[in-house]
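Listed below are the residues making up each chain.
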Amino acid sequence: MGIEQSFDSNFRYVLVAARRARQLQNGSAPLVDSRSRKACKIAQDEIAAGKVSYVKSNTPILKPEVPGAEIPKFAIS
């Protein structure tokens, strides 16, 4: 399974791999057997094996209301 099929962007793939690599560096056990000892490569192997994925939350991003100058509204006819 390629990046295009399991992740909506390469940026998200990199974020997930980096977060998992950080977990591995902090002592988490690897989920797959890997020939590499580097956390970044192990994280990529875990993603390729389907052991690591991501959950997209449905939390809306709210921007704070900032009072500002009134913008005049024009009617176009």
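Definitions and cut-offs
- Residues numbered from 1 in each chain as written.
- Predicted model: local features only at pLDDT ≥ 70, side-chain atom pairs only at ≥ 80, totals over all residues.
- Heavy atoms only, no water.
- Axes fitted to C-alpha atoms, helices over the stretch in contact; angles between N-to-C directions.
- Helix = DSSP H or I, 4+ residues; strand = E, 2+ residues; numbered from the N terminus.
- Parallel < 35°, antiparallel > 145°, perpendicular 65-115°, else oblique.
- Left-handed = near helix turned anticlockwise from the far one by under 90°.
- Contact = heavy atoms within 4.5 Å.
- Phe/Tyr/Trp six-rings, centres within 6.5 Å; stacked < 30°, edge-to-face > 60°.
- Buried < 20%, exposed > 50% of the residue type's maximum accessible area, 1.4 Å probe, protein only.
- Expected span 1.5 Å × (residues − 1).
- Polar contact = N/O pair within 3.5 Å; in protein donor to acceptor, adjacent residues only side chain to side chain.
- Salt bridge = Lys/Arg side-chain N within 4 Å of Asp/Glu carboxyl O.

**Comments concerning the packing of helix α2 (residues 10–25) against helix α3 (residues 39–48)**
Argument step 1. Closest axis-to-axis distance for the α2/α3 pair is 8 Å, and the angle between their directions is 120 degrees. Our classification of the angle between α2 and α3 gives oblique. For the element pair α2 and α3, the recorded crossing hand is right-handed. In this structure, α2 contributes Y13, V16, A17, R20, A21, L24 and Q25 to the contact, and α3 contributes A39, C40, I42, A43, Q44, E46 and I47.

**Comments concerning the packing of aromatic side chains**
Argument step 1. According to the stated counting rule, one finds two aromatic pairs in the structure shown.
Argument step 2. Here F7 and Y13 contribute two aromatic rings whose centre-to-centre distance is 5.4 Å and whose plane-to-plane angle is 85 degrees, an arrangement assigned as edge-to-face. This pair shows no difference in class: F7 is buried, exactly as Y13 is.
Argument step 3. For the pair F7 and Y54, a centre-to-centre distance of 5.3 Å together with 20 degrees between the ring planes defines the contact as stacked.

**Focus on α2**
Argument step 1. For α2, with 16 residues, the first-to-last C-alpha span of 22 Å sits near the 22 Å given by 1.5 Å per residue.
Argument step 2. Once α2 finishes, G27 follows within two positions and takes phi at roughly 110 degrees, a positive value.

**Observations regarding the side chain of R20**
Argument step 1. Within the element layout of this structure, R20 appears in helix α2.
Argument step 2. Discounting residues that sit within four places of it in the chain, R20 has contacts with S28, A29, P30, L31, A43, E46 and V52.

**Topic: the environment of Q23**
Argument step 1. Summarising the element assignment, Q23 is placed in helix α2.
Argument step 2. Taking C-alpha positions, Q23 is 8.7 Å from A39, a pair spaced 16 residues apart along the chain.
Argument step 3. For Q23, the side chain forms a polar contact with the side chain of R20, separated by 3.0 Å.

**Some points on the side chain of E46**
Argument step 1. By secondary structure assignment, the location of E46 is in helix α3.
Argument step 2. Take E46: its relative accessible area is 0%, and that puts it in the buried class.
Argument step 3. Apart from residues lying up to four places away in sequence, E46 is in contact with R20, L24, A29, P30, L31, V32, K51 and V52.

**Structural notes on the pattern of salt bridges**
Argument step 1. Tallied over the entire structure, the rule returns three salt bridges.
Argument step 2. Across the salt bridge formed by R12 and D8, the nearest N and O atoms sit 2.6 Å from each other.
Argument step 3. Classification of R12 by relative accessible area gives partly exposed; the value is 24%.
Argument step 4. With a relative accessible area of 46%, D8 lands in the partly exposed category.
Argument step 5. Between D45 and K41 there is a salt bridge; the shortest N-O distance is 3.3 Å. Here D45 and its partner K41 are both found in helix α3, four residues apart, which amounts to about one turn of the helix.
Argument step 6. Overall, the relative accessible area of 38% leaves K41 in the partly exposed class.

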